[in-house]
Amino acid sequence: MTGPAIVLVKGLSGSGKSTRVYLFLSWLESIGEKFTPYTAVIDGKQKEIGIYCESFNLIAFGKFYEKGGVKRWQGLDSVTGKLGSANNLCALLRDISSQGINVLMEGSGMTASWRYRPHYLSQNLGFSNILHLRYCYEPDQLDVYQGRIELRSGKPNSGQAMWGKRHTFENDWQVAEKEAIDVNAAGGNVVILYHPYDSSIEDCGEHILDYFGFREYCENFREYCEKNKDYIEKNSFENLKK
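Here is what the cut-offs are and how they apply
- Residues numbered from 1 in each chain as written.
- Predicted model: local features only at pLDDT ≥ 70, side-chain atom pairs only at ≥ 80, totals over all residues.
- Heavy atoms only, no water.
- Axes fitted to C-alpha atoms, helices over the stretch in contact; angles between N-to-C directions.
- Helix = DSSP H or I, 4+ residues; strand = E, 2+ residues; numbered from the N terminus.
- Parallel < 35°, antiparallel > 145°, perpendicular 65-115°, else oblique.
- Contact = heavy atoms within 4.5 Å.
- Nonpolar A, V, L, I, M, F, W, Y, C, P; charged D, E, K, R; others polar.
- Buried < 20%, exposed > 50% of the residue type's maximum accessible area, 1.4 Å probe, protein only.
- Phe/Tyr/Trp six-rings, centres within 6.5 Å; stacked < 30°, edge-to-face > 60°.

### Remarks on the packing of helix α1 (residues 17–30) against helix α8 (residues 218–227)
Move 1: Packing of α1 against α8 brings their axes to within 10 Å, and their N-to-C directions diverge by 110°. Classified by the interaxial angle, the pair formed by α1 and α8 is roughly perpendicular. Along the contact surface, α1 presents Leu23, Phe24, Ser26, Trp27 and Ser30, while α8 presents Asn220, Phe221, Tyr224 and Cys225.
Move 2: For the contact of α1 with α8, the per-class residue count stands at six nonpolar, three polar and no charged.

Below, the structure is given as structure tokens:
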């Protein structure tokens, strides 16, 4: 793979995005990889907006935090306030790609934005290597969605604000698929994959390892996920409030 790559983990709230990214990042730590804070100048101020992994030459936007004795990951949505605007984020991504650094972004907020589809990423932000992963629910799974939101937050989810965006997300996905064909025809390396929310918890990390040419580590990663398969229960609101 020539040039920097960007990994996008998109989807509705409660579809397991941050859990999957957390397991990948925590596995990297478990095998001895070190993370250092990533800071950037935004609107004239130095701000911490992610972590950097030297072995992958990778910046992950977001932060680790701990609640109820459980370590967690919150992605792009946790630093959007620091970034200030989508234009600021795009300018930052353009600068990062010019340095040949890879990026991992996860969050529901970017799921339906044209800025994070293959055309704009390749033509304007310098990323022609794109791994696009999406997690979602089927149209008849509203009850499942609401139950998972309640499990995570401890509050009944009677509203349908995010669920109502599902059609917009689907349309964005269809456009992204078409754009991926164009970028690949021009010499890019776009892999775009759609998964149900209940797909295997290790699939995100496996796709990342495979994309970056580290397939030989997938078995070790799967074993790590199996040993930590109770993480979802630990990460539930019922456990965190104890």
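### What to know about the environment of Ala180
Move 1: Summarising the element assignment, Ala180 is placed in helix α6 (residues 166–185).
Move 2: According to the relative accessible area criterion, Ala180 is buried, its value standing at 4%.
Move 3: Each C-alpha atom of the pair Ala180 and Ile208 lies 17 Å from the other, and the pair is 28 residues apart in sequence.
Move 4: Every residue in contact with Ala180, bar those within four places of it in the chain, is listed here: Pro118, Val190 and Ile192.

### Concerning the packing of aromatic side chains
Move 1: For the coordinates displayed, the defined rule picks out 17 aromatic pairs.
Move 2: Judged by centre distance (6.2 Å) and plane angle (75°), the ring pair of Phe24 and Phe221 falls under edge-to-face. Here Phe24, found in helix α1, pairs with Phe221, found in helix α8; they are 197 residues apart in sequence, far enough to count as distant.
Move 3: According to the relative accessible area criterion, Phe24 is buried, its value standing at 0%.
Move 4: Ring centres of Tyr137 and Tyr197 lie 4.8 Å apart, and the angle between their planes is 25°; this geometry places the pair in the stacked category. In this pair, Tyr137 sits in the loop between β8 (129–136) and α5 (142–153) while Tyr197 sits in the loop between β9 (189–196) and α7 (203–211), placing the two residues 60 residues apart along the sequence.
Move 5: Residue classification places Tyr137 among the buried positions, given a relative accessible area of 0%.
Move 6: A residue is classified by how much of its surface remains accessible, and Tyr197, at 14% relative accessible area, is buried.

### What to know about α7
Move 1: In terms of residue burial, α7 counts as a mostly covered element, since seven of its nine residues are buried.
Move 2: Every buried residue belonging to α7 is among Asp203, Cys204, Gly205, Glu206, Ile208, Leu209 and Tyr211, and all of these are buried.
Move 3: For α7, the elements touching its buried residues are β1 (5–11), α1, β7 (102–106), β8, β9 and α8.

### As for unusual backbone geometry
Move 1: Here Asp43, not a glycine, exhibits a phi torsion of approximately 50°, which is positive.
Move 2: With respect to the helices, strands and loops of the structure, Asp43 is situated in the loop between β2 (35–42) and β3 (45–53).
Move 3: For Asn57, which is not a glycine, the phi torsion comes out positive at approximately 50°.
Move 4: Mapped onto the secondary structure, Asn57 falls in the loop between β3 and β4 (58–61).

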